[in-house]
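Listed here are the chains, written in short residue letters.
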Amino acid sequence: MLPRPPGLTTAALVTVGLLAAVTACSPPPDDAAPASAESAGDHGEIAGAVELAEPALGLTTVDATGAVRHLDLLDESVTDLADLDPPGAVHTDGRFVFVQTTSGVEVVDSGVWTWDHVDHFHYYRAEARPVGRLDARGPATVVTTTSSTSGGSGVFLQRTGEAVMLDTGALADGELTERYRVNATPGAGLLVPVGEHALLAEGDRVTVLDADGVRGAEHPCPAAAGTIATRVGTVVGCRDGALLAVSGDDGPAIERVPYPDGPVPPATDFAGRDGRPTVAGLAGPRRVWLLDTRQRSWSLLRSPRPLVAVTAVDDDGEHVLGLTTDGRVLVLDGGSGDVVGLSEPLARASLRAGRGVPTLVADQQRAYLSAPVERRLHEIDFADGARVSRTFETPSEPLFVAGTGR
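What this report covers is the structure whose coordinates are included nearby.

Procedures and definitions
Residues numbered from 1 in each chain as written. Predicted model: local features only at pLDDT ≥ 70, side-chain atom pairs only at ≥ 80, totals over all residues. Heavy atoms only, no water. Pairing = 2+ DSSP bridges. Helix = DSSP H or I, 4+ residues; strand = E, 2+ residues; numbered from the N terminus. Axes fitted to C-alpha atoms, helices over the stretch in contact; angles between N-to-C directions. Buried < 20%, exposed > 50% of the residue type's maximum accessible area, 1.4 Å probe, protein only. 1 Å grid on protein atoms, 1.4 Å probe; cavity = no way out; pocket = protein on both sides within 12 Å on 5 of 7 lines; lining within 4 Å. Points joined across faces, edges and corners; volume = space filled by probe spheres on them. Nonpolar A, V, L, I, M, F, W, Y, C, P; charged D, E, K, R; others polar. Disulfide = S-S within 2.5 Å. Polar contact = N/O pair within 3.5 Å; in protein donor to acceptor, adjacent residues only side chain to side chain. Phe/Tyr/Trp six-rings, centres within 6.5 Å; stacked < 30°, edge-to-face > 60°.

## Description of the sheet that holds strand 24 (residues 253-258)
Strand order in the open sheet formed by four strands is 21-22-23-24, with antiparallel pairing between adjacent strands. Each of the sheet's edge strands pairs with one partner strand only, and the pair in question is strand 21 (227-229) and strand 24. With strand direction ignored, the average angle separating the axes of adjacent strands in the sheet is 20°. By the bridge criterion, six bridges tie strand 23 (residues 241-246) to strand 24 in an arrangement that is antiparallel. Residue Ala245 lies in a different strand from strand 24, and its bridge partner there is Ile254.

Below, the structure written as structure tokens:
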């Protein structure tokens, strides 16, 4: 076991086995809403998985050498999952971790996930393992859905303009399988799964693709950037607002949610708690856009400190979390805009190092902040003035962090 300094919780390096647990449904979420893309008759289980009584929440980290480790937030154990090439970016759907390297996009199964059954949840644990690699050169953008056992995961290869839809069900079986591959314009782009369909964002337009990748209707979306799946539908950011795609039997229904009038920078990235309708995006360094996908409306908050990242908790307290330029976690009231919490500088050295923005993710009760240069992961009680409830030391710099088990 690693030495435990006073006031710090240190993760021991042990192997996590499969945990047997009582099969149960959780209480209803705080916003039971229209269904996700999965069938209400399915429970998200797969062969070999064990259903748990509570979510197996974790933080899966990737260091600069490509070492992938999983921290179990329940028992504080750490498991070595894979050794990959040095990473350039990481994305997760709450189960699978997509690691962009110089060789392509590596997919690692964290082995833990949550299935949203609309009025309750199911929690699972299976074998954690590397799944495979999508060979590619150059930057790639990965977009996933809220399902970790079905549907697709979209990968856009910026150098070639190829858009590849991976079969998420096959990933759950330990196989990397392409459902289709289509050609698009090289450069920035997105392949966004929406039910059995997808949205291909390139240039100033978004094109609907069917289950086989065949192009359909086009929708204007100037300077498309940023996407996120909410409980209501899937968001794609545009310079003049956002497109909201709601999955249906005949394909996605596309709605435009324009920005209010005013010279405010558009959001180019979105973040929020899984399974909630409201998400957040930066509107320059001192303002925050909140997009309520249920109400199809935007609101704007002002921050007293410059921010580099933001996420919406969308709980009863309407908490909005921001990471300040000096490494503090700022908590705003999403209704009034008042400051309700501010931590000490937790990731100051990491931000000064200029190696990218530390990761800030939130669930219903806690937030998690990475501090790579400090070699720490912080758990924060945002409802208690941004109090640090636990700190985990890491054996190397957690360059990228993915919240898993969600």
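## Things to note about unusual backbone geometry
Located in the positive-phi region is Asp314, a residue other than glycine, with phi close to 55°. Here Asp314 shows up in the loop between strand 28 (307-312) and strand 29 (319-324). Residue Asp314 is classed as buried on the basis of its relative accessible area, which comes to 14%. Despite not being glycine, Ala386 has its phi angle at roughly 65°, a positive value. Residue position: Ala386 is located in the loop between strand 34 (376-381) and strand 35 (387-393).

## Observations concerning empty space enclosed by the protein
Taken as a whole and assessed by the stated rule, the structure comprises two cavities of 30 Å³ or more. In this structure, the second largest cavity spans a volume of roughly 40 Å³. Contributing to the lining of the second largest cavity are Gly152, Met165, Arg179, Tyr180, Pro193, Gly195, Glu196, His197 and Ala211. Among the residues forming the lining of the second largest cavity, the class breakdown is four nonpolar, three polar and two charged.

## A closer look at the state of the cysteines
As used here, a disulfide is simply a covalent bond connecting the sulfur atoms of two cysteines. For the coordinates displayed, the defined rule picks out one disulfide. Through a disulfide, Cys221 is tied to Cys238; the S-S separation comes to 2.0 Å. Here the disulfide of Cys221 and Cys238 is left-handed, its torsion about the S-S bond being about -105°. In this pair, Cys221 sits in the loop between strand 20 (215-220) and strand 21 while Cys238 sits in strand 22 (residues 234-238), placing the two residues 17 residues apart along the sequence. By the burial criterion, Cys221 is buried, and Cys238 matches it.

## Some details on the side chain of Arg390
Considering the arrangement of structural elements, one finds Arg390 in strand 35. Polar side-chain contacts of Arg390 include one of 3.0 Å to the backbone oxygen of Leu73. A polar atom in the side chain of Arg390 sits 2.8 Å from the side chain of Glu379.

## A closer look at the packing of aromatic side chains
A complete count under the given rule lists five aromatic pairs for this structure. Measuring from ring centre to ring centre gives 5.5 Å for Trp113 and Tyr124, while their planes differ by 20°; the resulting arrangement is stacked. You can see Trp113 sitting in strand 10 (residues 112-116) and its partner Tyr124 sitting in strand 11 (residues 121-125), a full 11 residues away along the chain. Given a relative accessible area of 2%, Trp113 falls into the buried group. In this structure Tyr124 comes out as buried when scored by relative accessible area, which is 2%. Summarising the aromatic geometry, the rings of Trp289 and Trp298 are spaced 5.4 Å apart at their centres and angled 70° between planes, so their arrangement reads as edge-to-face.

## Some thoughts on the pairing of strand 8 (residues 96-101)
Most of strand 8 is tucked away: six of the six residues are buried. Burial of strand 8 is two-sided: the residues Phe96, Phe98 and Gln100 facing one way and the residues Val97, Val99 and Thr101 facing the other way are all buried. As paired elements, strand 7 (residues 87-92) and strand 8 share five bridges and run antiparallel to each other. Bridge assignment links Thr92 to a residue of strand 8, and that residue is Val97. The antiparallel pairing of strand 7 with strand 8 creates a hairpin that spans three residues between the two strands, and Gly94 there sits at a positive phi of about 100°. Bridging between strand 8 and strand 9 (residues 104-109) involves six bridges; their strand directions are antiparallel. The residue bridging Phe98 from the neighbouring strand is Val107, located in strand 9. Between strand 8 and strand 9, which pair antiparallel in sequence order, lie two residues.

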